[in-house]
Every structure is written in structure tokens, then in C-alpha cells.
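Descriptive analysis of the structure
Take a look at the letters that make up each chain.
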Amino acid sequence: TVVDASSAVLIGSASFRDEVVGNLGSDPARFTIVPGATDTRRFTPAERPLGALREPPVLLFHGRVDRRKGVLDLLEALPDGVRLVVSGIGPDLDEARARADERTTFLGYVPPDEAPEVYRSADVFVSPTYSEGFSNTLLEAMASGLPTVSTDSVGVVDCLRHEENGLLHTPGDVAGLRAALTRLLDDGALRTRLATTALEEVRRLYSWPVLAASIDAVYSEVAG
């Protein structure tokens, strides 16, 4: 295969590597993990304490509006007394609009240069995805200082750890998603701790200079 014949194989996460190895039977030692990155100079927290909530609190889903990204689960799991902002387009946008109530606002397509302000306008980021390669939206949310609820799934578990820098639930578990959201909304200390840890980690591990150095090291090794 191409994987086995290449001088180097870069992949975004250990969990995604394991999935590819399981499907292709490739040697896991062939892979070099180079995670995703985000621009931590553009994606920055709002000028207010980390973990603070507006009234009512604003939850954000930003990305492809697709049932495999969990957007329909989120609409079903939405707690009372919150607002939801859905930012993005995708194949299930019409279905999502049909299922939503007055608590939900759909922004449609958001140009990349407007995305940082969308994150800063929210209090909690929610990504109930079923799987990822490596999620740039999670990194953007972390860099924006948002406490995050996501899933225990491929591509997510490589940057989020349950109870440490985010809250995770099983993909497709609507009751588990609702419970995680309710818990996070009710616990200010938890929101602050998760957001603070995630912000420190994304700046240290997932900024563009860190990614560039990792790729440069692989190219240098291949070139001898």
C-alpha cells in the first residue's frame, strides 16, 4: 500500500492511527503522529473570566451540520434555560432547522476570519461528534477559552481527557450529553478549571509554531 511504501507517514492522532492500522494491517511504527494545530494568536478568549456564563448561557456548535457530527443529538439534549448557536452548513441543515425550537439560532456559513468572534460570543462549546481525524474546532474552542463537552471517540480523545480539560460522553448517548451539559452549566469551578487547563495545553502543544517544528523534524530525517 501507499502507507507501507512511503518514506514517512504523518497522521493526526494515535486513535486515528490505530483505526487505520486495524483496517489496513500496517505496521504502527510506520506512522509519525503530528497533531492538528490552530492559530492561538487569532483564537483567543473573550475579555471576561474563564468559565463565566451569560444570561441565558450560550452553547455553540461550530462545524459541519451533519448527524455524524452529533448536531441532531445536541438539539434533542438541549437543557432548559439556554441558547444554542449552530454555526456552519452541511447535509442535515434542513433537518436541524426542522427539529430546532426558539432557543436555537442558525448562522449558516461563517467565513474563517469571522470564526474567532463566534467562539468569543459563546460560553460553552459542544461537539457531540461520532468520530474525527483530529478536530480543529476543538482546538479553536480550547484556544478561545471555552469549556468543552464532546465524545469519547476517535480523534477527540487525543486532545480531550474526561474531567481534565473537557467532559466526554459516549457518541450518540443523548441522555449522557444532556447530563454533561447540565453538570457543566451548574458548576462554575468545573467550567473554570476545564477551560484554564485546555487553554494552557492548546497554546503549549497545538499552536502553529509547534506543528511546523514537528513537520520540519520529519522532513529533515527523511532527507538525511
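Here the structure is shown first, and the text comes after it.
The following paragraphs examine the structure supplied in this document.

Calculation rules
- Residues numbered from 1 in each chain as written.
- Predicted model: local features only at pLDDT ≥ 70, side-chain atom pairs only at ≥ 80, totals over all residues.
- Heavy atoms only, no water.
- 1 Å grid on protein atoms, 1.4 Å probe; cavity = no way out; pocket = protein on both sides within 12 Å on 5 of 7 lines; lining within 4 Å.
- Points joined across faces, edges and corners; volume = space filled by probe spheres on them.
- Helix = DSSP H or I, 4+ residues; strand = E, 2+ residues; numbered from the N terminus.
- Core = buried A, V, L, I, M, F, W, Y, C linked by side-chain atoms within 4.5 Å.
- Buried < 20%, exposed > 50% of the residue type's maximum accessible area, 1.4 Å probe, protein only.
- Axes fitted to C-alpha atoms, helices over the stretch in contact; angles between N-to-C directions.
- Parallel < 35°, antiparallel > 145°, perpendicular 65-115°, else oblique.
- Left-handed = near helix turned anticlockwise from the far one by under 90°.
- Contact = heavy atoms within 4.5 Å.
- Nonpolar A, V, L, I, M, F, W, Y, C, P; charged D, E, K, R; others polar.

1. Things to note about empty space enclosed by the protein
Within the structure shown, the criterion is met by 1 cavity of 30 Å³ or more. The computed volume of the largest cavity comes to approximately 100 Å³. Contributing to the lining of the largest cavity are 15 residues, with R48, P49, S144, G145 and L146 lying nearest its centre.

2. So, the environment of V202
Its location among the elements puts V202 in helix 8 (residues 188-205). Along the sequence, V202 and Y219 sit 17 residues apart, while their C-alpha atoms lie 24 Å from each other.

3. Structural notes on the nonpolar core
Residues L59, L74, V126 and V149 are the most contacted members of the largest nonpolar core, which totals 27 residues. Counting 25 residues, the second largest nonpolar core, distinct from the first, contains V118, Y119, V156 and A198.

4. Re the packing of helix 6 (residues 136-143) against helix 8
Between helix 6 and helix 8, whose axes approach to 8 Å, the crossing angle comes to 115 degrees. Our classification of the angle between helix 6 and helix 8 gives roughly perpendicular. For the crossing formed where helix 6 meets helix 8, the hand is left-handed. For the pair helix 6 and helix 8, contact is made by L139, M142 and A143 and by A198, L199 and V202, respectively. Residues belonging to the contact of helix 6 with helix 8 are distributed by class as follows: 6 nonpolar, no polar and no charged.

5. Considering the layout of surface pockets
In this structure, the largest pocket spans a volume of roughly 250 Å³. What lines the largest pocket is a set of 15 residues, among which H62, G63, V110, A115 and E140 lie closest to the centre. Here the lining of the largest pocket gets 3 residues from one element, more than from any other, and that element is helix 6.

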